[in-house]
Amino acid sequence: MNRTLPVALAPLSRRAETAVVMPVYNEATVVAGVIRELVDLGMVVIAVDDGSSDHSAEEIDKAGAVRVTHPINLGQGGALQTGFEAAQRFTDAKYIATFDADGQHQAQDLLGMIEKIKQGYDVVLGSRFLDGDARTEMSWLRRTILKVATKVFNRGSEVRLTDAHNGLRLVTREVAAKIDLAHIGMAHASELEQVLTSSPLRVTEYPVHVLYTEYSRSKGQPLLNSINILADIVSHRITTWSRK
Amino acid sequence: MIIQFLLVPAVVLAVVLSLRSRNSVRGQARRKLIAGLTVVAGVLSVLFPGVLQSLADWSGVTRGTDLLLYVLAVVIIYLVGSVSVRFREQEARMTRLARQVALGEAEARLRADVVEATVLPADLSKDSRAS
């Protein structure tokens, strides 16, 4: 992979070991705090402003993240893909993480995941269910749907995951270079998991704590959206099945 | 009833084939062929209503108009599916375009920042030269 940066851009990398990709869509009230915490830990944050209509962009700039702004809204999958490409183009980070902008993830968990990936893994995925279920509070309906989804997506992949839809992930630069998300909406999560758990990669999970605040709950996707995701996946699979 | 053996596979085929139709010359030609055939069949069924009725009798449908309805339903399923595939491809293209715009704009802004930093006589410039 092209690891050398253009000379003029080299100072931007800030020689950070980890680049954090953060999709941002109308999160002006919280995003600066989330970014600052990560920047203070010595990471470079790539905030992908997904066509926000509030003043998220100013908040991102103030907090000291690298801002990439979509001219139109592309959805979370589109933002993640842009972030992965930006991280490779603008930084020389060895590890690339994804992190939610609404403050539901803990920087401490990410630090733990960085320690874990250094033990020789390619992919470390955050899981809410690894730790005996206890740490993350959620409704039984959400829990059940997530568990069923996890079972469905586990079929056919070699790695058994306990949590299919967690936004906290950490991959090596080499793995990030291989990611090419086609779904731009929310179905990207399962598509991403499919890429990340494909065979020669060494994949592991790390227990994380997700904080469902009033804010993140109001921003979170309604459960009905799982129908959209499922339909997207099915039609995408029919379209691409056994296609070269 | 022959119609049941014809319609069920036809619906399944319409869904699968349409979702797998590519936005290629072949796919476009197929869509146009189907549209053309629908028009021809429509005209023929107007000119010779008896043909439609005898086809209906053969396949076990009571009325010729019912048969027409079934065939139209299958055609619509196919067209909706293939249009949605086309729409998705269009969307993917637009996504790539927007992404390149975003990355290009960010790079230009970052370069401008670097130039500013190196021009400044502050210790910032030393830092950027060192790397």
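Please read all numbers here as calculations on a predicted model, not as lab measurements.

A. The confidence of the model for chain A, seen in detail. Here chain A averages 80 in pLDDT, while 75% of its residues score no lower than 70. When pLDDT is averaged over each element of chain A, strand β4 (residues 95–98) of chain A comes out on top at 95 and helix α8 (residues 214–219) of chain A at the bottom at 66.

B. Here's a closer look at the nonpolar core. Residues and elements named next belong to chain A. Ranked by internal contacts, the top residues of the largest apolar core, which has 32 residues, are Val 68, Phe 84, Phe 90, Ile 96, Val 123 and Leu 196. No other element matches helix α3 (residues 75–90), which puts six residues into this core. Not counting chain neighbours up to four residues away, the residues in contact with Val 123 comprise Leu 170, Val 171, Val 175, Leu 196, Leu 201, Arg 202, Val 203 and Thr 204. Counting 29 residues, the second largest nonpolar core, distinct from the first, contains Val 34, Ala 47, Ala 63 and Leu 110.

C. Here's a closer look at the pattern of salt bridges. Residue and element names in this part refer to chain A. The full count for this structure, using the stated rule, is eight salt bridges over all chains. Linking Glu 17 and Lys 118 is a salt bridge whose minimum nitrogen-to-oxygen distance equals 3.3 Å. Residue Glu 17 is found in the segment before β1 (18–24), and its partner Lys 118 is found in the loop between α4 (107–117) and β5 (123–127); the two are separated by 101 residues along the sequence. Glu 59 serves as the salt-bridge partner of Lys 62, at 3.3 Å between the closest nitrogen and oxygen.

D. Representation of the environment of Val 66 of chain A in the model. Its place among the elements puts Val 66 of chain A in strand β3 (residues 66–69). The spacing of Val 66 of chain A and Val 45 of chain A is 21 residues in sequence and 6.1 Å in space, taken between C-alpha atoms. Contacts of Val 66 of chain A, omitting those with residues within four sequence positions, involve Val 44, Val 45, Ile 46, Ala 47 and Phe 90 of chain A together with Leu 110 of chain B.

E. How the structure looks around the UniProt feature "transmembrane region" (unreviewed entry) in chain B. Here, the residues flagged by UniProt with the feature "transmembrane region" (unreviewed entry) are residues 6–21, 33–55 and 67–87 of chain B. Helix makes up 100% of residues 67–87 of chain B and strand 0%, whereas the separation of the span's terminal C-alpha atoms amounts to 30 Å.

Conventions we followed
- Residues numbered from 1 in each chain as written.
- Chains lettered and ligands numbered in written order.
- Predicted model: local features only at pLDDT ≥ 70, side-chain atom pairs only at ≥ 80, totals over all residues.
- Heavy atoms only, no water.
- pLDDT = per-residue confidence, 0-100.
- Helix = DSSP H or I, 4+ residues; strand = E, 2+ residues; numbered from the N terminus.
- Core = buried A, V, L, I, M, F, W, Y, C linked by side-chain atoms within 4.5 Å.
- Buried < 20%, exposed > 50% of the residue type's maximum accessible area, 1.4 Å probe, protein only.
- Contact = heavy atoms within 4.5 Å.
- Salt bridge = Lys/Arg side-chain N within 4 Å of Asp/Glu carboxyl O.
- UniProt positions renumbered as here; feature names shortened; annotations may be inferred.

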